[in-house]
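Residues per chain, in single letters:
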Amino acid sequence: MVGMLVPLLAGLAAVALALAWLTRSTSGLQTLVHLADLALPGVQVRAEGVEGSLHEGFGLGSLSIEGQDWRVRIDQLRVVPREFAPWTGHVALESASASRVAVDWISTPGPAHPPATLALPFELSFARLSLGELALGARGADPLVLSDLQTGGRWNANAIELDSGSVRWKSVHTELAGRMQTLRPYALHLEGRLASTLAGHAGSAQWTAGENLESLHLQARLAAAQAQGSLDARILPFATVPLSGLELELAGVELSEWFDAPQARLDGRARLKASGSEDGLTLSGPIELVNASPGPLDRGRIPARSAQGTLRWSGEGLHIEVEELRGAGGSAQGSVAWSESTQLSVEARLRGVDARQLWSTLKPTALGGRLAYNLAQGRDRFEGELVNAQGLPLSARF
């Protein structure tokens, strides 16, 4: 019996020593990186600038994990553990930080396919996670770059949970918290508050994102200066066209507060559908505008009372077909088009327009006809035909 216990105890001691060496030494950490490289089929794992240990905390100058059509690179990774016991099903980190995390993938025709699961075989909790920069995008394209990411939370076999955190995109700062399941389609609920500055005005939005990661429903309440609004969008992150459509409503937009323009208090609504084309993403759909404070131009106002039509925006430019514009006692139809190649083109067909409501010192009229304006290569051209059906007889072509 004693003869059997000796080799068993010796074996257990060797295992304990091996585990201690792997978790408490720099050479053990380097060995674990090599073992991960060997153990993961079709995945290469490389690390440089390795220092410290899993048990006491470690740093990596860089960590690269690369699959067949995707790649993750982490620079200046620093990890401080609070409890390291994966054999008990729990790893707790006091802090984890990196100067930059870059995730890219090889873009292929058709929709992408997310992994079936993001589950971990143990629970990983982190009191403080900090990323200086997070870059996401297809290889060779300009990535989406987020910065100053700060959060805490946990990740296990069932879910990824984020406590109150924050992240910045350009001048936009948002706070966020939420939960996502680790099995496809990744049911989730996220919420937060966004803040930014638009045309010198502080703006904010309370937002929620729900349903699942493959079909994300985004809703937001918007506020800036005196304006209020709402946004409702359907985002498809893995589809060929990542946006299904959006609805935008705005109320109380004082035009002169945002642009060098006459006064107008606007309410608006747009319902846009997204589609793909050779020029990339295309948005199109009906739009409506109502001006609550119309008036003549010489009094610093805009004569238009309401407008409705359809909008189409793509890589080619912007096109608005005005089905009906009411104001100045009459109405108009027409179009507005802008692109980098043709610049600006405006066409309008007028009916019953009162010149006095355009400019208060003019005589009453009922003007009808056609107007056209074009701006290209720094040169503009104005032409049209007008006929007055009331008051002073007038017929002009220019």
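Residues numbered from 1 in each chain as written. Predicted model: local features only at pLDDT ≥ 70, side-chain atom pairs only at ≥ 80, totals over all residues. Heavy atoms only, no water.

**Digging into a nonpolar patch on the surface**
Okay, step 1: A cluster of nonpolar side chains, namely Leu 281, Trp 313, Leu 318 and Trp 338, defines an oily patch on the protein surface of about 360 Å² accessible area.
Okay, step 2: Within the secondary structure, Leu 318 is located in strand β19 (residues 317–327). (Patch = residues over 30% accessible without salt bridge, like charges linked within 9 Å, V, L, I, M, F, W, Y side chains within 5 Å. Areas by Shrake-Rupley, 256 points an atom, 1.4 Å probe, with all protein chains shown as cover. Salt bridge = Lys/Arg side-chain N within 4 Å of Asp/Glu carboxyl O. Helix = DSSP H or I, 4+ residues; strand = E, 2+ residues; numbered from the N terminus.)

**Regarding the pattern of salt bridges**
Okay, step 1: In the structure shown here, the tally under the stated rule is 20 salt bridges.
Okay, step 2: Here Glu 133 makes a salt bridge to Arg 100, at a shortest N to O gap of 2.6 Å. Remark: Arg 100 occurs in strand β6 (residues 100–105) and Glu 133 occurs in strand β7 (residues 123–138); sequence separation between them is 33 residues.
Okay, step 3: Glu 133 gets classed as partly exposed once you look at its relative accessible area, which sits at 27%.
Okay, step 4: The exposure class assigned to Arg 100 is partly exposed, which follows from its relative accessible area of 29%.
Okay, step 5: A salt bridge links Arg 265 to Glu 254; the nearest nitrogen and oxygen atoms lie 2.9 Å apart. (Buried < 20%, exposed > 50% of the residue type's maximum accessible area, 1.4 Å probe, protein only.)

**Considering the environment of Arg 168**
Okay, step 1: Mapped onto the elements, Arg 168 comes out in strand β9 (residues 159–169).
Okay, step 2: Separated by 20 residues in sequence, Arg 168 and Asp 148 place their C-alpha atoms 5.9 Å apart.
Okay, step 3: Ignoring any residue separated from it by four or fewer positions in sequence, one finds Arg 168 in contact with Leu 146, Ser 147, Asp 148 and His 173. (Contact = heavy atoms within 4.5 Å.)

**Considering the pairing of β9**
Okay, step 1: Note: strand β8 (residues 144–155) against β9, 5 bridges, orientation antiparallel. Bridging across to β9, Ser 147 finds its partner in Arg 168.
Okay, step 2: Bridge count for β9 against strand β10 (residues 172–181) is 9 bridges, and the pairing is antiparallel. Bridging from a neighbouring strand, Gly 165 pairs with Leu 176 of β10.
Okay, step 3: Two successive antiparallel strands, β9 and β10, enclose a turn made up of 2 residues, where Lys 170 displays a positive phi of approximately 55 degrees. (Pairing = 2+ DSSP bridges.)

**Concerning helix α2 (residues 26–39)**
Okay, step 1: Between its terminal C-alpha atoms α2 stretches 20 Å, which fits the 20 Å expected from 14 residues at 1.5 Å a residue.
Okay, step 2: Looking only at α2, the buried set comprises Gly 28, Leu 29 and Val 33. Buried residues of α2 fall within an arc of 150 degrees about the axis and therefore sit on the same side. Exposed and oriented more than 90 degrees from the buried face of α2 are His 34 and Leu 38. (Expected span 1.5 Å × (residues − 1). Arc of directions from axis to C-beta.)

**Looking at the nonpolar core**
Okay, step 1: Within the largest apolar cluster, 26 residues are counted, with the highest numbers of intra-cluster contacts made by Phe 58, Leu 77 and Leu 93.
Okay, step 2: For this core, the secondary structure elements donating two or more residues are α2, β3 (57–66), β4 (70–85), β5 (90–98), β7 and β8.
Okay, step 3: Every residue in contact with Phe 58, bar those within four places of it in the chain, is listed here: Leu 29, Glu 51, Gly 52, Ser 53, Leu 77, Arg 78 and Val 79.
Okay, step 4: Grouped together as the second largest cluster of nonpolar side chains are 11 residues, Leu 283, Ile 287, Ile 320 and Val 322 included. (Core = buried A, V, L, I, M, F, W, Y, C linked by side-chain atoms within 4.5 Å.)

**Some points on the side chain of Ser 130**
Okay, step 1: Mapping Ser 130 onto the fold places it in strand β7.
Okay, step 2: On the basis of relative accessibility, which here comes to 17%, the residue Ser 130 falls in the buried class.
Okay, step 3: Polar side-chain contacts of Ser 130 include one of 2.8 Å to the side chain of Gln 150.
Okay, step 4: Leaving out residues up to four positions away in the same chain, Ser 130 has contacts with Ala 96, Ser 97, Ala 98, Leu 149 and Gln 150. (Polar contact = N/O pair within 3.5 Å; in protein donor to acceptor, adjacent residues only side chain to side chain.)

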